[in-house]
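Structural characterization, general
Residue strings, one per chain:
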Amino acid sequence: MKWRRKEKQTPPVGESAQPDTGWATTSMSTGAMANWTAVVRWSAWGLLLAGPLLGGWALASARTPVAVPTRAEASRAQPASSDAVAPAGFAEVYVAAYVKAGDSDADAQELATFYPAARSMSWSGGGGAERAESASAVEVRQVSVGYWSVTVAARITGSSKNSGRVRYFQVPVRATDGRGASGWTAAALPAEVAAPSGSKGVAPELSYGSAHAPLDSDPAVQTVRGFLAAYLTGRGELDRYLSPGTALHAVRPAPYTAVSVTQFAEHGHGPAKGAEAQVPPDGVQRRLLVDVEGDGKYTGGRPMTYAIELRARDGRWEVAALEAAPALATSSNSSDS
């Protein structure tokens, strides 16, 4: 409905004067009024139905604010400077390509994916005379933000005199903004160096007692033997040797046809003398260092060592865990003492 300002007029002679309100209405037909009423009614229903949805959206927005990065933050790549895994892996593959590189264009192009300046370099020798059969980073040192020095140990084969010997290469690796070999690039060619000072350390002391031959009177020996046979040779049911809740799967395909337990060592002080032959109370645990020899189709007497945790239940020993590593005899490893 529209409203307009009315001009004040003098009524003609003979007509009665109407009260002057200062406003006049524009007449509206019955059909138009019905349409207008329908629009108002449907608008009211729409607002009524949308109210809860809008309220829930506002509440969710208030509880979980969204942090919008600034333009500078969104455009700048942030390499994981605290993680040395990526530069170490890059250096390993780079050294392997470097060792076998020669004067061919294909070798130069492959090396250039790691070190771009290699495209303009000339090589005097032929490629492929030597190869890195295995390469592994043994030392990673961060020089500055986004810049690492990685020492790679590589077993080089192919040369007549030193074939098969481990040699060491120092590689400077720099993080890029995503270009090049997955965001990393070498700052120079590898430099052959001496072995790192800590590469030939002594074996760490373990937190186990003296090793001894397995005793047939010890029920734990029978459990360990049956477990390792099922685990490594596929003979027997593995689950029958496991504690409830322990999830282990046999090695597939089975790598050995027979395994034998050669030595046992108890973590800490171990059980008292003669306690091995007794029925253990439920919940008692033993942590063992077990030496094993495996015989297979192409190998015989391969020595292996397993750290195994046993737990007693219903008068017998069960495997509670195949531990990731033996316990070290260090003051910091207080939980293993």
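Everything discussed here concerns the structure shown above.
The rules behind each value
- Residues numbered from 1 in each chain as written.
- Predicted model: local features only at pLDDT ≥ 70, side-chain atom pairs only at ≥ 80, totals over all residues.
- Heavy atoms only, no water.
- Helix = DSSP H or I, 4+ residues; strand = E, 2+ residues; numbered from the N terminus.
- Buried < 20%, exposed > 50% of the residue type's maximum accessible area, 1.4 Å probe, protein only.
- Contact = heavy atoms within 4.5 Å.
- Areas by Shrake-Rupley, 256 points an atom, 1.4 Å probe, with all protein chains shown as cover.
- Salt bridge = Lys/Arg side-chain N within 4 Å of Asp/Glu carboxyl O.
- Pairing = 2+ DSSP bridges.
- Polar contact = N/O pair within 3.5 Å; in protein donor to acceptor, adjacent residues only side chain to side chain.
- Axes fitted to C-alpha atoms, helices over the stretch in contact; angles between N-to-C directions.

1. Structural notes on the overall build of the chain
Broken down by element type, the chain carries five helices and 11 strands. Counting only residues that meet the buried cut, the chain has 28% of its 337 residues in that class. If you take every contact in the chain between residues at least 6 apart in sequence, the share linking residues at least 24 apart comes to 55%. Looking at the chain as shown, the accessible area adds up to about 22000 Å², and 55% of this sits on carbon and sulfur atoms.

2. What about the pattern of salt bridges?
One side chain can pair with another of opposite charge once the charged atoms of both are near each other. In total, this model carries 11 salt bridges according to the counting rule given. Notably, a salt bridge pairs Glu309 with Arg311, separated by 3.6 Å at the nearest N-O pair. A residue is classified by how much of its surface remains accessible, and Glu309, at 14% relative accessible area, is buried. Between Arg313 and Asp314 there is a salt bridge, with its nearest N and O atoms 3.4 Å apart. Within the structure, one salt-bridge network assembled from shared partners comprises Arg313, Asp314, Arg316 and Glu318.

3. As for the pairing of strand β10 (residues 302–313)
A regular strand carries its side chains on alternate faces of the sheet. With 10 bridges joining them, strand β9 (residues 285–295) and β10 adopt antiparallel strand pairing. Across the sheet, residue Arg286 finds its bridge partner in β10, namely Leu310. Counting the residues that bridge the hairpin from β9 to β10 gives six residues, and of these Gly301 lies at a positive phi of roughly 65 degrees. With six bridges connecting them, β10 and strand β11 (residues 316–322) associate as antiparallel partners. Note that in β11 the partner of Arg311 across the bridge is Glu318.

4. Considerations on the side chain of Glu323
Among the secondary structure elements, Glu323 is positioned in the segment after β11. A distance of 2.8 Å separates the side chain of Glu323 from the side chain of Arg287, its partner in a polar contact.

5. Section: unusual backbone geometry
Arg252 connects to Pro253 through a cis peptide bond whose omega is -10 degrees. With respect to the helices and strands, the residue Pro253 is situated in the loop between α5 (219–232) and β8 (258–266). The phi dihedral of Asp314 falls on the positive side, at around 55 degrees, and the residue is not glycine.

6. Some remarks on the pairing of strand β3 (residues 131–144)
In the sheet, β3 pairs with strand β4 (residues 147–157) via 11 bridges, with the strands oriented antiparallel. Directly across from Gln142, in β4, lies its bridge partner Trp148. Hairpin connection between β3 and β4: a loop of two residues separates the two successive antiparallel strands, and Gly146 in this loop has a positive phi of roughly 75 degrees.

7. Structural notes on the sheet that holds β10
Judged by pairing direction, the sheet is antiparallel, and its four strands sit side by side in the order β8-β9-β10-β11 without closing on themselves. Looking at strand neighbours, the two that pair on one side only are β8 and β11, the edges of this open sheet. Ignoring which end each strand starts from, the neighbouring axes of this sheet average 40 degrees apart. The strands that α5 touches are β8, β9, β10 and β11; relative to β10, the one it contacts most, it runs at about 125 degrees.

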